[in-house]
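Coordinate inspection notes
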Amino acid sequence: MRTPGSWGGALEIAIVAELRNLGVHVYERVAGQREQFKQIATFGDVEALGGGRAHIVYGGRVHYDALEVLV
């Protein structure tokens, strides 16, 4: 992922979540609904005190965008 144009995927999200004590919720868009999402995965300890949370949307082919990051 040091190479320009290279992306991380679910494995890298899981590793960062554990290393940073971060709860990561992954969503995808509901087909035909512009502003609706369904949760498809969770990484890290989402109940840990002191950790942050990130809500990201999966855009297909290992592409993710931030919806909200709370630290």
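Quick note: structure is the one above.
In what follows, the accompanying structure is described. From a predicted model like this one, the values you see are computed outputs, not experimental measurements. (Residues numbered from 1 in each chain as written. Predicted model: local features only at pLDDT ≥ 70, side-chain atom pairs only at ≥ 80, totals over all residues. Heavy atoms only, no water.)

Some thoughts on the overall build of the protein
The cut-off we apply is this: Runs of E in the DSSP output that reach at least two residues are strands. Runs of H or I that reach at least four are helices, and both are numbered from the N terminus. Think of it in three bands: residues with accessible area under 20% of the maximum for their type are buried, residues over 50% are exposed, and the middle band is partly exposed, with areas taken using a 1.4 Å probe on protein chains only. Contact criterion: two residues are considered in contact whenever any of their non-hydrogen atoms come within 4.5 Å of each other. Lys and Arg are tallied as positive, Asp and Glu as negative. Neither His nor the chain termini are counted. Positions of charges follow a simple convention, taking NZ of Lys, CZ of Arg, CG of Asp or CD of Glu.
Each helix and strand counted, the protein has one helix and four strands in total. Taking the principal axes of the C-alpha coordinates as reference, the protein spans close to 35 × 30 × 15 Å. Looking at the protein residue by residue over its 71 residues, the buried ones come to 23%. Long-range pairs, those at least 24 residues apart, make up 43% of the contacts in the protein between residues at least 6 apart in sequence. Separation of charge centres in the protein, based on 7 positive and 8 negative side chains, amounts to 7 Å.

Examining the pairing of strand β3 (residues 52–58)
To be explicit about the condition: In this scheme, strands are said to pair when DSSP sees at least two bridges between them.
Of all seven residues that make up β3, five are buried, and the element is covered over most of its length. Bridge count for strand β1 (residues 22–29) against β3 is six bridges, and the pairing is parallel. Bridge pairing in β3 places Gly23 opposite Arg53. In the sheet, β3 pairs with strand β4 (residues 64–70) via six bridges, with the strands oriented antiparallel. Bridged to Arg53 within β4 is Leu70.

Some remarks on the nonpolar core
To be explicit about the condition: The set of buried Ala, Val, Leu, Ile, Met, Phe, Trp, Tyr and Cys residues whose side-chain atoms join them within 4.5 Å is what this entry labels a nonpolar core.
Ile13, Ala17, Leu22, Val24, Val26, Phe43, Ala54 and Ile56 together form the largest nonpolar core, which totals eight residues. Every element with two or more residues in this core is listed here: α1 (10–19), β1 and β3. Among the elements that make up this core, the one with the highest residue count is β1 (three residues).

Some remarks on the sheet that holds strand β2 (residues 37–43)
Convention followed: Helix axes are fitted to C-alpha atoms over the stretch in contact, other axes to C-alpha atoms as well, and angles between N-to-C directions run from 0 to 180 degrees.
Taken together, the four strands give an open sheet; going across it, the order is β2-β1-β3-β4, and neighbouring strands pair in mixed fashion. Edge positions in the sheet fall to β2 and β4, since each of these pairs with one other strand and no more. Strand-to-strand twist across the sheet, computed as the mean angle between neighbouring axes with direction ignored, equals 25 degrees. Across the sheet, α1 lies against β1, β2, β3 and β4, angled at about 60 degrees from β2, the strand it touches most.

A word on the side chain of His55
Applicable threshold: Polar contact is defined as a pair of N or O atoms within 3.5 Å, subject to the rule that within protein one atom must be able to donate a hydrogen and the other to accept it, and that residues adjacent in sequence are counted only when both atoms are side-chain atoms.
Within the secondary structure, His55 is located in strand β3. Judged by its relative accessible area of 15%, His55 is buried. Among the polar contacts listed, one links the side chain of His55 to the side chain of Tyr27, at a separation of 3.1 Å. Apart from the residues within four sequence positions on either side, His55 is in contact with His25, Tyr27, Ala66, Leu67 and Glu68.

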